[in-house]
Amino acid sequence: MAQLWGGRFTKETDRLVYAFNASVSFDRKLYRQDIRGSKAHAAMLSKQGIISAEEEKAIQEGLSSILKDIEEGRIEITDEYEDIHSFVEANLIDRIGDAGKKLHTGRSRNDQVALDMRMYTRDEIVETKSIVLKLLTTLADMMDKHIDTYMPGFTHLQKAQPVTLAHHIGAYFEMFKRDWLRLSDIYERMNYCPLGAGALAGTTYPLDRDYTASELDFYGPTLNSMDSVSDRDYLIEYLSAAAMIMMHLSRFCEEIIIWNSNEYRYIEIDDAYSTGSSIMPQKKNPDIAELIRGKTGRVYGALMSLLTTMKGIPLAYNKDMQEDKELVFDAMDTVKGCLALFEGMVSTISFNKEIMAASAMNGFTNATDAADYLVLKGVPFRDAHGIIGRLVLYCIDKGCSIDELTIEELKDICPKFDEDVYEAISLKTCVEKRLTKGAPGHDAMTEEIKACRAFLESAV
Ligand code: ARG
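Here we summarise the structure given alongside this text. (Residues numbered from 1 in each chain as written. Predicted model: local features only at pLDDT ≥ 70, side-chain atom pairs only at ≥ 80, totals over all residues. Heavy atoms only, no water.)

You can see Y300 is positioned in helix α11 (residues 287–310). Expressed as a C-alpha distance, the spacing of Y300 and A199, which sit 101 residues apart in the sequence, is 31 Å. For Y300, the contacting residues outside a window of four places in its chain are A243 and M247. (Helix = DSSP H or I, 4+ residues; strand = E, 2+ residues; numbered from the N terminus. Contact = heavy atoms within 4.5 Å.)

Here it is as structure tokens:
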């Protein structure tokens, strides 16, 4: 047990208590941020004349050597220490002696951990944004490729109106675009430096908080010292954005699973992204899509967990907050992993265009267009809706589609039908005439894809 405190204690900490209290097994992930923050703090202490230039030099060199030794595997962050902050400080004192004991002047582990977590999360946001961007690029490429790939659009998982695969994928482009923007927003709000807030009430040393904030690439210092050490809003915002990303991935995965089913056969998932069954030799399962859908639960869980942890905490720092780490780290790894795997899976799917087009043609997806045709011939829409309804019933009875009826059969139901109806309700017309902004018609989609590309160009 190596701890930074103990002066006011007369007994050793109970072993179980020590283990229960310790966080080094998971906060060791923060070693880079901890060392970087300490270096900035030491530079500021020296600039302000709180420690000498020689002491600062010894601290800087000591911290650099600790970082190097960790990265090169010469030292290990073991469970002997309470947390990463204790590990770094104790190691520094071992290396440089008394100067190391001055590093913590004007600082508390409360502002230190708040700083480390912010820096870690900030980097994660940047990394996650770049993976989302890669996925968006892949989706835009798929949209280009499938602008004329017809498929049914669904409501209530019932065939509704024909669309294109580009149009369907475009919906996900919008979702992931919002995810990217959401992460950017969170970054803007969180990028303020809590260092210098001390335990909760600042400090009597003349710290220069603007200096450390700028050294550490923050927009500036946080405003209120009590908020600085007890704010975990940015983690909740991050988890909420992460949960939303998972929800979008999960919806897409659900569709991929449906499309891949024996009943649909719209797609073939690449062998590299499928798995077999130990008993049923014919099986090729969409396990990756299912796992991504499944992992959504743990990210939602992390969000609920942290919201609940934070809800009853009085100001300022309380140890409850240590519970933020494991679940946030887990969510970060899960989201990045799922995004990357999903991108790989979706970019290697092959689409059975004929089956998709055939599926778009049956199921009366052109019923709305047939009604619209009658409207153009002067029938009020509500009447047209009723006529086509009866027509559909007739077709179901006969086991055919609307376009398979003869002109006589059509005229029997409504004399307004003419030969030009077949053209008007063909799959191609049904899609290509949908030219309102955001609709699947070729020209409208071309515009939409242009906007997607413009977003990708601007997203840095
Ligand atoms: N391990 C602690 C955490 O993650 C660091 C802060 C400890 N501060 C304290 N006063 N015990 O929250």
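Back to the text.
Alignment of strand β1 (residues 150–155) against strand β2 (residues 158–164), held across six bridges, turns out to be antiparallel. From the neighbouring strand, F154 faces β2, where its bridge partner is K159. Connecting β1 to the next strand, β2, in antiparallel fashion are two residues, including H156 with a positive phi near 55 degrees. (Pairing = 2+ DSSP bridges.)

The subject of this paragraph is the site of the ligand. Surrounding the ligand, one finds S23, D27, D83, H85, R109, N110, V113, Y317, K319, Q322 and K325. In this structure, an oxygen atom belonging to the ligand sits 2.4 Å away from a side-chain N or O atom of Y317. Contacts to the ligand include Q322, whose side-chain N or O atom sits 2.7 Å from a nitrogen atom. Here the ligand, which alone exposes 340 Å², has 86% of that area covered by the protein. Of all the elements, helix α6 (residues 109–145) adds the most residues to the shell around the ligand, at three residues. Split by residue class, the shell around the ligand holds two nonpolar, four polar and five charged. (Near = heavy atom within 4 Å. Polar contact = N/O pair within 3.5 Å; in protein donor to acceptor, adjacent residues only side chain to side chain. Areas by Shrake-Rupley, 256 points an atom, 1.4 Å probe, with all protein chains shown as cover. Nonpolar A, V, L, I, M, F, W, Y, C, P; charged D, E, K, R; others polar.)

Here the focus is unusual backbone geometry. Cis geometry is found at the peptide bond from L315 to A316, where omega equals 0 degrees. Among the secondary structure elements, A316 is positioned in the loop between α11 and α12 (324–347). With a phi close to 50 degrees, R265 is a non-glycine residue in the positive phi region.

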